[in-house]
Amino acid sequence: MLVVATLSLKGGVGKTTVALGLAGAALQHGVRTLVVDLDPQANATIALDPGPTTATVADVLDEPRRSVLHRAIARSGWGEGLDVLVGAEQTERHNHPEPSPKQLDQLRRALHRLVNAENLLADPSADHGGEPYRLVIIDCPPSLGQLTRSALAATHRAVLVTDPTMFAVSGVQRAFDAVQTERQRGNPDLQPLGVLINRVRPRNTEHEFRISELRELFGPLVLSGVLPDRSAIQQAQGACMPIQRWDTPGAREASAVFTLLLGRVLRSERRPDPAEAFPTQAAAHWDQPAAH
């Protein structure tokens, strides 16, 4: 089971859009997936339109027991094979600025219970199927408190989401620092999958300049496919549908990017050597102490 987090320490860049697009691609390609909505705004939960539950991810972070997971996971309204560990405003109570090691470990403990098929939602009253999840997607809040740090403690790959603005470089750098810190703290399996640039407008000089700047600094970690600024993405989310089923040229353009992202995610299961996962510039940064 591969755990991937969508991460941004700058709000408004479309982090949830990326989580939803990746989930839609996984559904389209038959990859059984769980979306964990850690953002107290719970926008991913709203868009995924799951069935009712008697618990949420906030309760799971209180008690990461199998019985609580049973009550907090529901099938997505998008279709069979995509489930949701539902978010809620109450999750904010877990977003302490200085969490204890036990608090940071709660999500990892909960997800560990999903690894084996025999341990997967065995409650016969829960209609979630018996097949294990191949992919878990964690939608993080846009801040570096307990919630994001606990996601990084439980994650194998982080997709760093940004937009092509003047604040893009500093936002990506802070995200790299957060990943580096968590690797050093206790999750050596964590790797940045890449930087995904969202809301790109064609023939926009400022956007082209910022994209070139990101590629110069972060090299091949900047994903070649960028997400276009298309109204279809917001329209599909408003209709609680995956972008893959929204039949417009803009939707098809975005869907192709998410298919490429899914392919990169699944190939990363081979767990590359850390020395091969970073370009020269990023590797040099990786060896420096984290900024505080």
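As shown above, the structure is provided for reference.
Note that the structure is predicted; figures quoted are calculated from it, not measured.

Caption draft 1: Broad picture of the sheet that holds strand 7 (residues 191–197). Strand order in the open sheet formed by 7 strands is 3-4-2-5-1-6-7, and the pairing between neighbours is mixed. Of all the strands in the sheet, the pair left with one neighbour each is strand 3 (73–75) and strand 7. In this sheet, neighbouring strand axes are inclined to one another by 25 degrees on average, regardless of whether the strands run parallel or antiparallel. Two elements, strand 1 (residues 2–7) and strand 5 (residues 135–139), share 5 bridges in a ladder whose sense is parallel. Directly across from Thr 6, in strand 5, lies its bridge partner Asp 139.

Caption draft 2: Focus on the pairing of strand 5. Among the 5 residues of strand 5, 5 are classified as buried, and the element is accordingly described as predominantly covered. Of the two faces of strand 5, the one lined by Leu 135, Ile 137 and Asp 139 and the one lined by Val 136 and Ile 138 are each fully buried. Relative to strand 5, strand 2 (residues 33–37) is paired through 5 bridges, and the arrangement is parallel. Counted as the bridge partner of Val 35 is Ile 137 from strand 5.

Caption draft 3: Spotlight on the packing of aromatic side chains. Enumeration over the complete set of coordinates arrives at 1 aromatic pair. Taken together, a centroid distance of 5.1 Å and an interplanar angle of 15 degrees make the contact between Phe 176 and Phe 218 stacked. Residue Phe 176 is found in helix 7 (residues 168–185), and its partner Phe 218 is found in helix 8 (residues 205–218); the two are separated by 42 residues along the sequence. Each member of the pair, Phe 176 as well as Phe 218, carries the same accessibility label: buried.

How each quantity is defined
Residues numbered from 1 in each chain as written. Predicted model: local features only at pLDDT ≥ 70, side-chain atom pairs only at ≥ 80, totals over all residues. Heavy atoms only, no water. Pairing = 2+ DSSP bridges. Helix = DSSP H or I, 4+ residues; strand = E, 2+ residues; numbered from the N terminus. Axes fitted to C-alpha atoms, helices over the stretch in contact; angles between N-to-C directions. Buried < 20%, exposed > 50% of the residue type's maximum accessible area, 1.4 Å probe, protein only. Phe/Tyr/Trp six-rings, centres within 6.5 Å; stacked < 30°, edge-to-face > 60°.

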